[in-house]
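The residues making up each chain are set out below.
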Amino acid sequence: GGGPRLSCGDAGDAPPRALLVQGVPRGSELAAVNLQTGAVDGRLGFDAGYGLPSGLGTEPYLLAEDTDVVTRLDPLEPWKPVASWNVRGDENANPVAVVPVSCSKAYVLRYNRDKIAIVDQSQPQGGVPRAYIDLAPYKTAGDPNVVEMTSAVYVPAKKRVFVLLGNADLTRYVTYFDPALGYEVTKLLCAAALKPSIVAIDVETDRVVSLDGTAPGGGIALDGYNPPIGTPLIHDATSDRLLVLQAGCNEELGDGGAGAVIRRRVEEVHLGTGAVRTLLSLDDKEFPSSLAYVDSANAALAFYFEGYRWDPRGSTLGATIAGGIDLVAADGRGGFFGTRGTFVDGGVGPVEVLALPAAGGAPSVLVSGPFSRVGGYVSGIEAWPRR
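The structure presented is a predicted model; accordingly, all values stated were derived computationally and were not measured.

Right, let's talk about empty space enclosed by the protein for a bit. Under the defined criterion, the tally for this structure stands at 1 cavity of 30 Å³ or more. Along its surface, the largest cavity is lined by T150, S151, L164, P227, P228, T231, P232, L233, V244 and L245. Elements represented by at least two residues in the lining of the largest cavity include exactly β12 (149–155) and β20 (241–252).

Spelled out as structure tokens, the structure:
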């Protein structure tokens, strides 16, 4: 169990830490790396093949995606479990984010299902959700899948949770052997009629409310496609806008093959007007893994193996992150951190955890090998606490 219970939203004097999740078949692990000292302060093994950390509100969480278990972690020692919930329902739900809106209510986004689970995170032991919010009515017409709720953000001043719905047709893909790479690749094909959307939930009623947009239920329709799991929906309070990372899709060729990448971008959604515009086109880049945002002048993007600084006031990427990077996140202190894989003697080597100062320059290695064993991959990263 965790340490002494603190008041809701209180992380006490906990140092800033990077929460990293290693995906390994038959046993994954969370590691908490101290961003000041580089030490691994603690680890937590869990029975799942992959997962994500989530630190979007009052307390940190660990989400075991393939077993549907959401674990609240101790805010002082975020490798110690305090309570857990099974949000599976009738079949695999794949939880991808926890969004607390009060000290006794949090929304759990379930990527494989159409319903958001509501849990009472004040319980000493969680159990199961107390209610659900059905988003099926807000699916784009013609989408054969679920809504693919990908990420969300709570804006207290508006008493709204804004939820990103992927609305992609995941049945449209092509798999083929790439001789240049030496292995099979799978590419998602575009569905021109389908668009991601933003919907809003009133946290006092748990009901979806209109944003006066053109998407179902008055949601705001976006122009990109296929938002990746693991990148938080970003709210820039200064400009009252949301930033959305879109992984894009491939044009379908006449012979059924995959053509050029399109609809890969970072989009801005202005909440005051509902206007949507592309801030940054990424059609010439590889699949994006993550977008990290510090302020209106400082952001970073990672594309697995490579990364870039980005000034969100401009329409082009900035300096390359030296040495490459697989995942990147804001560190809660005005800078960034990230991870990258290494190779030793032709095999998988230890993961490196990197610190990227806000002022720019080359990253430094905080620690090499944060997990108790080598192998697998880093399935998610998050900073805790966010101050």
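With that out of the way, let us pick up the layout of surface pockets. Quantified by volume, the second largest pocket comes out at close to 630 Å³. Secondary structure elements with two or more residues in the lining of the second largest pocket: β14 (173–178), β15 (183–188), β20 and β21 (258–270). Broken down by element, the residue count for the lining of the second largest pocket peaks at 6 residues, all from β15. For the lining of the second largest pocket, the class distribution of residues is 12 nonpolar, 4 polar and 7 charged.

Attention shifts here to the sheet that holds strand β3 (residues 40–46). Spatial ordering of the open sheet is given by β3-β2-β1-β32, a layout of 4 strands whose pairing is antiparallel. Since the sheet does not close on itself, it has two edges, and those belong to β3 and β32 (377–384), each with one partner. The sheet shows a mean angle of 20° between the axes of neighbouring strands, taken without regard to direction. In this sheet, β3 lies alongside strand β2 (residues 28–34) in antiparallel orientation, the contact comprising 6 bridges. Bridge assignment links V33 to a residue of β3, and that residue is V40.

If you walk through the whole model with that rule in mind, you get 1 disulfide. A disulfide bridge connects C190 with C249, and the sulfur atoms are separated by 2.0 Å. Negative torsions about the S-S bond denote left-handed disulfides, and the value of about 100° found for C190 with C249 makes this one right-handed. Separated by 59 residues along the polypeptide, C190 in the loop between β15 and β16 (197–202) and C249 in strand β20 bring together distant segments of the chain.

Rules used throughout
Residues numbered from 1 in each chain as written. Predicted model: local features only at pLDDT ≥ 70, side-chain atom pairs only at ≥ 80, totals over all residues. Heavy atoms only, no water. 1 Å grid on protein atoms, 1.4 Å probe; cavity = no way out; pocket = protein on both sides within 12 Å on 5 of 7 lines; lining within 4 Å. Points joined across faces, edges and corners; volume = space filled by probe spheres on them. Helix = DSSP H or I, 4+ residues; strand = E, 2+ residues; numbered from the N terminus. Nonpolar A, V, L, I, M, F, W, Y, C, P; charged D, E, K, R; others polar. Pairing = 2+ DSSP bridges. Axes fitted to C-alpha atoms, helices over the stretch in contact; angles between N-to-C directions. Disulfide = S-S within 2.5 Å.

Read these as layout, nothing more, since geometry by itself doesn't imply function.
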